[in-house]
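# Descriptive structure summary
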Amino acid sequence: MKTAAWFVFAFCAGILANSARAANDPAGIEFFESKIRPILVDSCYSCHSQKSAKIKGGLLLDSRAGLLKGGDTGPAIQPGEPDQSLLIKAVRYTDADLRMPPKNKRLPADQIANLAAWVKMGAPDPRASPGGAASVATIRDKARAHWAFQPVREPSVPAVKHKHLVRTPVDNFILARLEAAHLPPSPRADRRTLIRRATFDLIGLPPTPQEVAAFEADKSPDAFAKVVDRLLDSPRYGERWGRHWLDVARYADTKGYVFEEDRHYPYAYTYRDYVIRAFNEDLPYDTFIKQQIAADLLPGNEDKRSLAALGYLTIGRRFINNIHDIIDDRIDVVCRGMMGLTVACARCHDHKFDPIPSRDYYSLYGVFASSMEPGQEPLLGTEAPAKARDEYVAEHKKRVEKRDHYREEQERAMAAQLRNESGEYLLAAFEAQRPANKTDSESIAHAHKLDPEVLRRWMAGLDGWRKSEPAIFAPWFDFAALPEKDFAARAKELAAGFGKHRLAPINPLVVSAFATNAPATMKDVAERYGNLLKDADSRWQNALAPTNAPSVKSLPDAAQEALRQILYADGAPANLPRGEFDRLYQTPVGQKMRELQRHVEELDATSPGAPPRAMALVDRANPHDTPIFIRGNCDNPGPLAPREFLEVLSGPNRKPFHSGSGRLELAADIASRDNPLTARVLVNRVWLHHFGSGLVATPSDFGLRSDPPTHPQLLDYLAARFMEDGWSIKKLHRLIMLSSAYQQTSDNNAVCAKADPGNQLLWRMNRQRLDFEPMRDTLLAVSGKLDLAAGGHAVDITDPACDRRTVYGFVDRQNLPNVFRAFDFASPDTTSPRRFYTTVPQQALFLMNSPFVIAQAKNVVARKEFYSASTDQQRLHLLYQWAFQREPIREEVEWAAQFLHTSPGAPAPPAKAGLTAWQEYAQALLMSNELVFVD
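Residues numbered from 1 in each chain as written. Predicted model: local features only at pLDDT ≥ 70, side-chain atom pairs only at ≥ 80, totals over all residues. Heavy atoms only, no water.

The subject of this paragraph is the overall build of the protein. Helices and strands together make up the secondary structure of the protein, namely 41 helices and six strands. The dimensions of the protein, computed from C-alpha atoms along their principal axes, are 120 × 70 × 60 Å. Per-residue burial over the protein gives 52% buried out of 935 residues. The long-range fraction of contacts in the protein, counting pairs at least 24 apart against all pairs at least 6 apart in sequence, stands at 67%. Entry remark: accessible area of the protein is about 43,600 Å², with carbon and sulfur atoms responsible for 54%. Side-chain charges in the protein split into 118 positive and 115 negative, and the spacing between the mean points of these groups amounts to 3 Å. (Helix = DSSP H or I, 4+ residues; strand = E, 2+ residues; numbered from the N terminus. Buried < 20%, exposed > 50% of the residue type's maximum accessible area, 1.4 Å probe, protein only. Contact = heavy atoms within 4.5 Å. Areas by Shrake-Rupley, 256 points an atom, 1.4 Å probe, with all protein chains shown as cover. Lys, Arg positive; Asp, Glu negative; His and termini not counted. Charge placed at Lys NZ, Arg CZ, Asp CG, Glu CD.)

Time to look at the pattern of salt bridges. Scanning the entire structure with this criterion turns up 57 salt bridges. A salt bridge links Glu373 to Arg318, with the nearest nitrogen and oxygen atoms 2.9 Å apart. Highlighted residues: Glu373 in the loop between strand E1 (371-372) and helix H17 (386-420) and Arg318 in the loop between helix H14 (311-314) and helix H15 (323-339), separated in sequence by 55 residues. For Arg318, a relative accessible area of 10% puts it in the buried group. (Salt bridge = Lys/Arg side-chain N within 4 Å of Asp/Glu carboxyl O.)

In this section: the confidence of the model for the protein. On average, residues of the protein score 89 in pLDDT, and 93% of them reach the 70 mark or higher. Counting interchain partners and residues more than four positions distant, the pLDDT-below-50 stretch residues 1-21 has two contacts. Counted against residues more than four places away or in other chains, residues 903-909, with its pLDDT under 50, gives six contacts. (pLDDT = per-residue confidence, 0-100.)

Here the focus is the environment of Glu216. As for its placement among the helices and strands, Glu216 is situated in helix H9 (residues 209-217). In the structure, Glu216 is positioned 24 residues away from Arg192 in sequence and 7.2 Å away in space, judged by C-alpha atoms.

Time to look at the environment of Ala249. Within the element layout of this structure, Ala249 appears in the loop between helix H11 (235-248) and helix H12 (268-280). For Ala249, a relative accessible area of 0% translates into the label buried. Residues within four places of Ala249 in sequence aside, it is in contact with Tyr271, Tyr312, Ile315 and Val333.

Residues Trp245, Tyr271, Tyr312, Trp687 and Leu718 are the most contacted members of the largest nonpolar core, which totals 174 residues. Grouped together as the second largest cluster of nonpolar side chains are 56 residues, Leu427, Met522, Leu567 and Ala574 included. (Core = buried A, V, L, I, M, F, W, Y, C linked by side-chain atoms within 4.5 Å.)

Before going further, it helps to spend a moment on unusual backbone geometry. Here the amide bond leading from Met100 into Pro101 is cis, since omega sits at -15 degrees, within 30 degrees of zero. Take Pro101: it is sitting in the loop between helix H4 (86-91) and helix H5 (109-120). In the Ramachandran plot, Asn759 falls in the positive-phi region, its phi being about 55 degrees despite a non-glycine side chain. By the element assignment, Asn759 lies in the loop between helix H32 (750-755) and strand E5 (768-769).

Rendered as structure tokens:
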């Protein structure tokens, strides 16, 4: 009984502990601030907050405690269990007696999904009490002393006792902390371990047996430095480190869910190739930043290839083409990705934790709202092979002509329909413009089954004609002014005098339309005007018959021509610009147009002859500031927010951007040496990928919620040196990798582990598991099948026959392949600061059963050297050299002999699942921890 009671207690305590951890999780809190708090404020607080006139159901949703306590029907949420939470049940409308919000004001599907996801992650919620976090003034006071907002100053290198262990100044900072804690560093790793570590770190591939042997034979003091330099000069380096940046840039080859338009980004690959090239060329990081924000605006930029850098902004999700969400995503990827600031949390309200008011968010919003994607992506100045290019040009022309021909046909038909509906629009405009009318024009348009925007054009046209077109519309305005009660009698008197006693003559065709038969209602008036305009249009169409068309410029009858101009003149209500027709088409027509457009885009996305283009941005002709959206609602604008940089980084006396959209000035402010965040954030990202954990635990959040750096002086030293070295990432690699700290063994030390179980003081190197990309690439490299072709269109790496490097794999944002998810691939939906590692059965099942892995096991055994070996011992030696770059130990030789039945007189091993014994043994090595873990 005691055991059972203890289990219940421990179970409940675990739930509470997990709930508490979730409540303080930085990523979860960010999700709450950007996705959940706005829903609660807009849809729930009116009935379920301390400020409600009446708290309904006893339920308070303006604090975490209120959610957990719940109301009359029990707790509102069960953290981690959305299906068991009353709040989720209520918003899903699955119970007729429990619906929130009530009265059929059901939340949109994406908001319901976000609420469920939030509860599933443990319902992280920073609101300790109603009202939430600290005041803006308190936050600003804290920010003044916050480490991340202090200027970067290069600290003096500390003196240490164990000077013989110092290889680079990095060691002084590490040893100083270890010596203060009375902990020894670990000894230097052996040479095989070092070259494996460096090679996987820098190029994401295993070293060859020959490279390991050469390093082990090189006794010069700079042997390891030569290895590092060789790897940094390899074109494979950009493929590995470019992939790290693509995580930050939320790279994908598709848009996400976008209804019926083509989901592909035809030119996403050009951004990926730009990133890889930038790392290989060691493009200065400050230039790298500027190109990704404002490559189109940089002076003296003759190399058009840099325009591809703008994919950093344009390659994100499309959010069903909601421009507000698209801009929010761009603000987030710039601020979190480059500066470690969660500015997007200020979309709906002042940031609850960092000194970022909503005004700052909308200052940046104005920058991106003043930018646009061009109608045709710019060429990058490179050409495909001639044959492929010619095939592409011919096919592209055919598809474009087919699309344009259909579009022109539909536009002509829709334009004719709008002209034929002139009478209906005139009547609807009359109803909308009556002084006594209280119904909005949109409702009137729907009542008449007309387009609201076209109706507004007719209303605006009538307002203009009231002043400038008496010859045609004077009768209209006279009739419109008559009282409805005795309209017919008064209209008869009016019609009799149309041709007489007027200061300006009336169009004779209009006079004749009313002279003999006065209208009884305004509907009659509108129909007659509609018939007059139809007749003028019909005469014009007849005049445009093929035999007459070349010479026709106007109708010969002046009265008819004047009526025709009402339909055809520039800006006429029925003469819509081309871009406005799309919303008017019936569903089948719209579907057909999107289908034809998809055919063009699919060709651009897949044809090897398609000329590379940049997913660029350009400034709008009229850049403008935008208002602050109150509570993030674009329909509730507040005061204007000038386009300018963040106050916390530039001070209260900042100057508004004045050059175009402001993107170039924004890029310069981010890449400035005076910006305390940019260099620190990048240095921390590089350190994270080398050591498995950053000096700052939250790589994309350096705000007030972040933990302080484990080695603050080292972080600043590296940041200062990074900028002094011309923002060179390759020099940063050398500084870190040539240190004794980097070259330590990863072996455990019980004394150190007890004093510092998280290895924050870096008394040893952290063992790291390979990401998905180097794991898959390693399988191909060991099998001898890795295709090192660089760049170009994305390929389907889920095809077992595909042997390209994984960085060139097609990333489908909406339907990410299961193998990507199983191996913790970075989510392409938002900027990813780091990969998180899980150990799940699907990983083992993939390595055991995947056709890809089985194919590599077969390929290993099919390698020429293996096939040509004369003894099993030689074959075993080759397998271990290819996989682990070492000789098999005695026990492994014995195990292999037992498995392969090579002892004298033993029967030949049976084939299993189509594999020979050697192939099975090779697969066992490919599945081993030694292959996928790096010491």
